[in-house]
Amino acid sequence: MRTQLQVLLKIVFEQSMTQDNYETSPNFISGLVSKAAGVLPLVDGAQLPGGGTRIVDGYSSFYPVPIGDSGELVLIDGGIDKHAKKLERFIKQRELGLGAIKAVLLTHAHRDHIGAPHSLLNRGADIKVFVSAADGEVLQGQRRGEGKLQILTDRIPGLDAAIPGIEPEIIEDGETISFGDQLKIKALAVPGHTRGSMGFKISGSSDGSNVLYIGDALDLTTNGAKNAAWLLSGDTKTSEQSIIDLTYRMIREGDEIDSVIPAHSGDSSFNNLRAFRAAQKARELRAVNFSARRHTAY
Ligand SMILES: [Zn+2]
């Protein structure tokens, strides 16, 4: 039974990479998954606040973010495809080489987020891969990652979340990394989905917006936020608490956020994370409607 399920999962993974038509149509699998999960759909090629582009890769997505006007890029996450075909297409369309990618920051070490760094390192690219210490162990194959589905796929050759030979740069909670003159990326721990899950707050981009790439710590729906499905997470309750804690922290530290961008749902624009505080008051994340509360002061 388990073997049949594993074969089925492998087929879904492979299909999710071959159904793409980058220019003209959304990914079949990601469309299906968004609908089933009731979250905002992923829009391939969408231009995001802060200058990033959403590349939908199967049912996951990742983002090249420009480093000022230098023609260089930072990647947030890396999608599914271990050959990084869509990334290559993105780079070629802009008449850049793969050397334009200076770093990859991984929100966590799940198989559907590591495709690009796997491909780039395999080709001998000189890139740094930043990840939390806990998820760095998974990348290095020192332990299995969290999440019920991940535990299952980990046993299928090629579907585990390890990258052979990787020596990740460990990034700590609260640490800020600078790229070029302006771009700053602050790591914010949001454990639960995986032990070392992190959000990345990007500031100093050309449009002046502050953007929080949140990975799989939450998904956005038309009614607000919700946690990733239990099947995909290590500990959903901890993940939910992490988002509430993050909200208080952002308010306390005066960190403004314009947009939150999850990996498996569309993004949402709002002035800051205060809506999450309202969510805590309501004791139910999904009860919050971000768009309705966008201009409300708490
Ligand atoms: Zn994940």
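Look up: the structure comes first, before these words.
In this text, all values refer to a predicted model and were calculated from it rather than measured experimentally.

How each quantity is defined
- Residues numbered from 1 in each chain as written.
- Predicted model: local features only at pLDDT ≥ 70, side-chain atom pairs only at ≥ 80, totals over all residues.
- Helix = DSSP H or I, 4+ residues; strand = E, 2+ residues; numbered from the N terminus.
- Expected span 1.5 Å × (residues − 1).
- Buried ≥ 20, exposed ≤ 12 C-beta atoms within 10 Å, placed from the backbone.
- Arc of directions from axis to C-beta.
- Pairing = 2+ DSSP bridges.

A. Broad picture of helix α7 (residues 236-252). Compared with an ideal rise of 1.5 Å per residue, which puts 17 residues at 24 Å, α7 spans 24 Å between its outermost C-alpha atoms and is within 8% of the ideal. Restricting attention to buried positions, one finds in α7 the residues Ser239, Glu240, Ser242, Ile243, Leu246, Thr247 and Met250. In a view along the axis of α7, the buried residues occupy a sector of 155°, so they form one face of it. What points out from α7, more than 90 degrees from its buried face, is the exposed set Lys237 and Arg252. Immediately downstream of α7, the backbone of Gly254 shows phi near 65°, a positive value.

B. Highlighting unusual backbone geometry. The backbone of Asp77 shows a phi angle near 65°, a positive value even though the residue is not glycine. Structurally, Asp77 is set in the loop between β3 (72-76) and α3 (85-93). Taking the C-beta count within 10 Å as the criterion, Asp77 has 27 such neighbours and is therefore assigned buried. Positive phi, close to 55°, is recorded for Glu95, a residue that is not glycine. As for its position among the elements, Glu95 is in the loop between α3 and β4 (101-105).

C. Structural view of the pairing of strand β10 (residues 211-215). Counted residue by residue, β10 has 5 buried out of 5 residues, so it is predominantly covered. Neither face of β10 is open: one carries Val211, Tyr213 and Gly215, the other Leu212 and Ile214, and all of them are buried. Note that strand β9 (residues 198-203) and β10 share 3 bridges and pair antiparallel. Bridging from a neighbouring strand, Lys201 pairs with Leu212 of β10. Inspection of the sheet shows β10 paired to strand β13 (residues 259-262) by 4 bridges, in the parallel sense. Residue pairing in the sheet places Leu212 in a bridge with Val260 of β13.

Note that every value here comes from positions in space, so none of it alone points to a role or purpose.
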